[in-house]
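The primary structure of each chain is shown beneath.
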Amino acid sequence: MEKSYFKNLIKEKLGNVNLIVVSNREPVAHEYVGKKIKSVKSVGGLTIGIEPIMKTLNGTWVAYGSGSADKASSDSSGRIKITSEEENEYYAIKRIFLSKQEINDYYYGYANSVLWPLCHIVYVKPVFNSYQFLAYDEVNKKFAAVIKEEIETLKNNSPETGEGKPENIIWLQDYHLARCAKYLKEYDSKIKVGIFWHIPWPNPEVFSICPEKEALLEGLLSNDLIGFHISYHCQNFLRVCEWELEAQVNWADYTVTYKGHKTKIMPCPISVDFQYLQHLADSEKVENIISDIQNKDEIIEHPYEYLAISVDRLDYTKGIIEKLKAIDRLLENYSELRGKFVFLQFGVPSRVHLDAYKRFNDDINSLSEEINWKYGTGDWYPVVRYFKQLDLETYLAYYRLADLVIVSPLHDGMNLVAKEYISSSANCRGMLVLSRFAGAAKELLDAVLVNPFNTECFSESIYKALFMDRDEKVRRMEKMQNIIKENDIYDWAYNFLFALNMV
Ligand code: F6P
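Residues numbered from 1 in each chain as written. Predicted model: local features only at pLDDT ≥ 70, side-chain atom pairs only at ≥ 80, totals over all residues. Heavy atoms only, no water.

Within the structure shown, the criterion is met by 28 aromatic pairs. Pairing Trp251 with Tyr254 gives two aromatic rings, centres 6.4 Å apart and planes at 90°, and the pair type is edge-to-face. Taking the relative accessible area as the measure of exposure, Trp251 reaches 35% and is therefore partly exposed. Classification of Tyr254 as buried rests on a relative accessible area of 16%. The aromatic ring of Phe97 is capped on one face by Lys71, whose charged end is 4.9 Å from the ring centroid. Against the face of Tyr90 rests Lys81, its NZ or CZ located 4.3 Å from the ring centre. (Phe/Tyr/Trp six-rings, centres within 6.5 Å; stacked < 30°, edge-to-face > 60°. Buried < 20%, exposed > 50% of the residue type's maximum accessible area, 1.4 Å probe, protein only. Lys NZ or Arg CZ within 6 Å of the ring centre and 35° of its normal.)

This is the structure in C-alpha cells:
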C-alpha cells in the first residue's frame, strides 16, 4: 500500500497514536572515525523493515546504543532525532546504554548463544548458562523501565487535542526481548503491548531442552499479541504452550490464555518497501554505479560471463558453506562454466566475539580458497568475497547486473534479501535461487527453490536458473513482484498494529 494511504489508515482505524518500537539493535549507530562522528545504518532485516514505518508515523525507537559516539551524539536523556530527505519523515531513537558485562551475558550470551541456535535448529548446540539468563532478564527489565520513562515523557509533551491525548502502542521486536512485556504489564496492566518474533519458533521437542522455557513463555504470554512470519511458527508456539504450560490453547482463534491473560498469536510475514526499492533501483545514482562497475569493477577484477551473487550477514544459519559446496559441484559437473562463471559473496561480519562465528568465518575462507585453487586459472577464479558493508544503492546495482541471486539459509524467519532483490529487479534480467527453509519461500514460490543441504540438487538448480528461458524468467519475476507489491512493509505494519489495537 502507498505510505500516505498507510498513514491515513492508521489515523482512521487507530486514532491518534504514539508508536514506540523497541529492539536491541538500533537502526542508526554513531561511530567515531578519528575525531569525526559518522552515522552507520544497521544492515539487519529488522531495520530494513521497520525504519520506513517509523519515519512515516514519526515514532520513537527504543534501542541499545551500541555506537562509540552514541552518547556524544544524543541529548542528555539518550534521545536523537533521525530525519530524512522527505518532508515530515522523521523519528526519534531513545538509546539505552548497557555495560560490556551486560552485552556479554545478555546479547552474546543468552540471546545469541541460547535463543538463536535453539530457534534456528541448524545443528549448532545452544550453550545454556543460568547466570546469563539472569542478565537477560535484568536487561529486559531495564528496557521496560526506559519504555515507562518514555511513556511519561510522551504523555507530558503530547498536545491535548479534541480527541484527547494519543494512545501509546508498544511494539517489541525479536528474541532479545522475550521478558520485557512482563515488566511493562507489572507497571500498567492496561498498556497495549505486542511482540514480533523475527526468527523461527522451534517445535516442542527442541524447545523442551531449554532450562528457562517457562520463564520465556511467561514473558512472551504477557504480550497481547505475538507475531511470527509464518503459520508453521505460530503452530509450533501453540504446541509448545500446550506441552509446557497449564495454559488454555484455542486453536480456532489462535489464542493462549495463561494466568488469566489472553494472548493472540498471528502469522504476519514481514516485507520491504516495494515502491521505494523499485524507484531507487531505477535511479540515476544506481545507473551511475552500474556504469562504474561496467567500466572498472573494483570488486571482481577479472572478466566473467555469468555472475551469481549473495548478500548475507556472516551467520552460520545462512547456508554459506552449503552454497560454496554447491558451486564447487557445479564447476565439477559443468566444466564449460570454468573461466566464465563468478560467484560474488557479499558478507557483513556479525557477532564476531562468539567462537561459533569465528569458526564459521574461518570455514568460509578456507573453503573459498580451496575452490579457487581447484578451478582457478592465472586470470580467472570463481569465488570472490567482499566482507565490508556497502550502501544499498551498490547492492541494487549488483542485483541488476547479476544473472542469479542465491539466498540459501538453512533456516530463516523470512529473509528480506530475497524480497529486496525481487522488488528492485524490474528489468527481470536475473533469477532468484531460494532456500525452501526461508520464510520467504512460502510466498515466493516462483523462485527456483532449493534444499541447501542437498549439494547435488542445489548445484543442478543453480544451473537450471542460470540458463532458464528469458520469457520464463520474466513471467516468474513479475509474479513474485506482484506478491511483494500486494504485501509490502506498510501492509505488514498495518496488519500487526490493527490486530494489536483490536485485542
Ligand atoms: O534475523 C534476526 C535478527 O535479529 C534481525 O531481526 C536482525 O536484523 C538480525 O538478526 C541482526 O542481528 P544482530 O542485531 O545481532 O546483528
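Structure shown, so let's carry the discussion forward.
Counted under the stated rule, the structure contains 34 salt bridges. Between Lys141 and Glu138 there is a salt bridge whose closest N-O contact spans 3.5 Å. In this pair, Lys141 and Glu138 are both assigned in helix H5 (residues 130–157), three residues apart and thus about one turn of the helix distant. By relative accessible area, which is 36% here, Lys141 ends up partly exposed. Between Glu393 and Lys285 there is a salt bridge, and its shortest N-O distance comes to 3.6 Å. Taken together, the residues span a long stretch of sequence, with Glu393 in helix H14 (residues 392–401) and Lys285 in helix H11 (residues 284–295) at a distance of 108 residues. Each of Asp137, Arg179, Lys182, Glu186, Glu218 and Lys259 takes part in salt bridges that share partners, so that together they form one network. (Salt bridge = Lys/Arg side-chain N within 4 Å of Asp/Glu carboxyl O. Helix = DSSP H or I, 4+ residues; strand = E, 2+ residues; numbered from the N terminus.)

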